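A structural walkthrough
Here are the chains, one letter per residue:
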Amino acid sequence: MTEKPAPPVTFARLLDRATRILAQRDHSEAEFRRKITQSVARAAAFRPGEQDEEIPAELLEQVIAWCYEHQWLDDARFAQRFVASRSRKGYGPQRIRMELAQKGIGRELAASALAEAEIDWAAQAFEVAERKFGLPLPQEWKEKAKVQRYLQAKGFFMEDIQAIFRNYSD
């Protein structure tokens, strides 16, 4: 049994995949490239006996350029929304910066998005600690260390964590 050639990947088919991916939520360009490539590979898995589809690089670049042109893809907007979303979920600036890097966002763009968010990270750290440990926050060294470790794992800077115990102690 010979494998049938896969139907050619066309601009329209790739754009259709792009719209389905970007309709769910914003993506960084790097994340989008990975997902669209995975999408084509997954679709090929549902057609046994056919060769895997290969996305021509120039076609992928055309689709990405089209998405940028029509504001469907925007790394700056993605970074801003990501910072807002993750900070609402109780994560600190270090963790958010790391996650942005994993999603292909450069340092300058990540720093810009964090600065534009204008979040008081010390107040944010206090709210997260209050939600987890209740008030009053522990004053004994051992319990205080537990709060500090928790907030560090959430991505807060040590100076913001220490400010909690200096500024919010009762």
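Presented here is a report on the structure given in the accompanying data block. Bear in mind that the values here come from a model prediction, so they are computed numbers and not experimental data. (Residues numbered from 1 in each chain as written. Predicted model: local features only at pLDDT ≥ 70, side-chain atom pairs only at ≥ 80, totals over all residues. Heavy atoms only, no water.)

Observations regarding the overall build of the chain
What counts, and what does not: Secondary structure follows DSSP: runs of H or I at least 4 residues long count as helices, runs of E at least 2 residues long count as strands, and numbering of each begins at the N terminus. For every residue, the accessible area (1.4 Å probe, protein chains only) is compared with the maximum for its type, and the residue is labelled buried under 20%, exposed over 50%, or partly exposed between those bounds. Note on contacts: a residue pair is in contact if any heavy atoms of the two residues lie within 4.5 Å.
Of the regular secondary structure elements, the chain holds nine helices and zero strands. The linear arrangement of helices and strands in the chain, starting from the amino end, is α-α-α-α-α-α-α-α-α. When each of the 170 residues of the chain is scored for burial, the buried share is 40%. Counting only contacts in the chain whose residues sit at least 6 apart along the sequence, the fraction spanning at least 24 positions is 65%.

Describing the side chain of R86
Residue placement: R86 occurs in helix α4 (residues 75–88). The class of R86 is buried, set by a relative accessible area of 16%. With residues near it in sequence (within four places) discarded, R86 still touches Y91, R95, I96 and E99.

Quick look at helix α6 (residues 107–117)
Let me state the cut-off plainly: The arc in question is the one traced by the directions running from the helix axis out to the C-beta atoms.
All of the buried residues along α6 are A110, A113 and L114. One side of α6 carries all its buried residues, which in axial view fall inside an arc of 95°. With respect to the buried face of α6, the exposed residues turned more than 90 degrees away are E108 and A115. Residues of α6 that are buried in the fold lie against α4, α5 (93–102) and α7 (121–133). Immediately downstream of α6, the backbone of E118 shows phi near 50°, a positive value.

Observations regarding helix α1 (residues 11–24)
One turn of the α-helix equals 3.6 residues, which is why residues spaced by three or four share an orientation. Applied cut-off: Any helix carries an expected span of 1.5 Å times its number of residues minus one.
Here α1 spans 20 Å end to end across 14 residues, near enough to the 20 Å set by a 1.5 Å rise per residue. The set of residues buried in α1 consists of L14, L15, R17, A18, I21 and L22. Within α1, the buried residues cover an arc of 160° as seen down the axis, which keeps them to one side. Of the exposed residues in α1, those oriented more than 90 degrees away from the buried face are A12, A23 and Q24. Where the residues of α1 are buried, they touch α2 (29–45) and α3 (57–69).

Details of the nonpolar core
This is how it is decided: We call a set of buried residues a nonpolar core when its members are Ala, Val, Leu, Ile, Met, Phe, Trp, Tyr or Cys and they connect through side-chain atoms within 4.5 Å of each other. Domain boundaries shown here were taken from an automatic or database domain assignment.
Within the largest apolar cluster, 23 residues are counted, with the highest numbers of intra-cluster contacts made by I96, L100, L151, F156 and I164. Looking at this core, the elements with two or more residues in it are α4, α5, α6, α7, α8 (141–153) and α9 (158–167). Per-element tally for this core: the top contributor is α7, with five residues. Among the domains, domain 2 (75–117) and domain 3 (121–168) are the pair contributing at least three residues each to this core.

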